[in-house]
Amino acid sequence: DDRSSELLVHHALGAMWTHPAPQRDTLLSTLAHVLANDGSPTNAAKVLYCHRNTVIYRMRQIEELTGRDLADPQDKLLLTLALVKTGHWARVVGGA
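This structure is a prediction, so every number in the text was calculated from the model and none was measured.

Caption draft 1: Structural detail: the overall build of the protein. Within the protein one finds six helices and zero strands. Walking the protein from its N terminus toward its C terminus, one meets helices and strands in the order α-α-α-α-α-α. Its C-alpha atoms give the protein a radius of gyration of 12 Å, near enough to 12 Å, the size a compact globule of 96 residues would have. C-alpha extents for the protein along the principal axes are approximately 40 × 30 × 25 Å. A burial count over the protein gives 35% of its 96 residues as buried. Within the protein, contacts between residues separated by at least 24 positions form 54% of all contacts whose residues are at least 6 apart in sequence. For the protein, the accessible area works out to roughly 5,600 Å², and carbon and sulfur atoms hold 52% of it. Taking the average location of the 10 positive side-chain charges in the protein and that of its 10 negative ones, the two points are 7 Å from each other.

Caption draft 2: Representation of the packing of aromatic side chains in the model. Under the defined criterion, the tally for this structure stands at zero aromatic pairs. Lying over the aromatic face of W17, R24 brings its terminal NZ or CZ to 5.0 Å of the ring centre.

Caption draft 3: Geometry of the pattern of salt bridges. Summed over all chains, the structure comprises two salt bridges. The residue E6 makes a salt bridge to R3 at a minimum N-O spacing of 3.6 Å. Taken together, the positions of E6 and R3, both in helix α1 (residues 2-13) and three residues apart, correspond to about one turn of that helix. Under the relative-accessibility criterion, E6 is labelled partly exposed at 40%. With a shortest N-O distance of 3.5 Å, R68 and D75 are connected by a salt bridge. Residue class for R68 comes out buried when judged on its relative accessible area of 14%. Judged by relative accessible area, D75 falls into the buried class, the value being 14%.

Caption draft 4: Looking closely at the packing of helix α2 (residues 21-36) against helix α3 (residues 41-48). Where α2 contacts α3, the two axes come as close as 8 Å, and the packing angle between them is 125°. In this view, α2 runs oblique relative to α3, as classed from their interaxial angle. Crossing handedness for the pair α2 and α3: right-handed. Mapping the contact onto sequence places S29, T30, H33 and V34 in α2 and A44, V47 and L48 in α3. In terms of residue class, the contact of α2 with α3 is built from four nonpolar, three polar and no charged.

Caption draft 5: Layout of unusual backbone geometry. Not every positive phi belongs to a glycine, and D38 is a case in point at roughly 55°. Summarising the element assignment, D38 is placed in the loop between α2 and α3. Among the residues examined, D38 registers a relative accessible area of 73% and is labelled exposed. A positive phi angle, near 55°, is found at Y49, a position not held by glycine.

Cut-offs used in this document
Residues numbered from 1 in each chain as written. Predicted model: local features only at pLDDT ≥ 70, side-chain atom pairs only at ≥ 80, totals over all residues. Heavy atoms only, no water. Helix = DSSP H or I, 4+ residues; strand = E, 2+ residues; numbered from the N terminus. Rg over C-alpha atoms; globule rule 2.2 N^0.38 Å. Buried < 20%, exposed > 50% of the residue type's maximum accessible area, 1.4 Å probe, protein only. Contact = heavy atoms within 4.5 Å. Areas by Shrake-Rupley, 256 points an atom, 1.4 Å probe, with all protein chains shown as cover. Lys, Arg positive; Asp, Glu negative; His and termini not counted. Charge placed at Lys NZ, Arg CZ, Asp CG, Glu CD. Phe/Tyr/Trp six-rings, centres within 6.5 Å; stacked < 30°, edge-to-face > 60°. Lys NZ or Arg CZ within 6 Å of the ring centre and 35° of its normal. Salt bridge = Lys/Arg side-chain N within 4 Å of Asp/Glu carboxyl O. Axes fitted to C-alpha atoms, helices over the stretch in contact; angles between N-to-C directions. Parallel < 35°, antiparallel > 145°, perpendicular 65-115°, else oblique. Left-handed = near helix turned anticlockwise from the far one by under 90°. Nonpolar A, V, L, I, M, F, W, Y, C, P; charged D, E, K, R; others polar.

This is the structure:
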């Protein structure tokens, strides 16, 4: 249900969810691209049209704000589910 989905998003994204919309959307887009590219900052950077180090910096910010480890399979699954709910996953991989 909607309440469960909202709780999932808040639990998964932590403090990142309360960031101002422009910064939050940049981080969520970066997160979606990193996860869609099997954690590769190099491949994510190519799609995002930015430098690899920028993606690495954002990945560190994401880990710090969420308290999640982008190398941990359970954290990656939880973050992916949150991205599906927010619509950021569909923007990256397509679909509804």
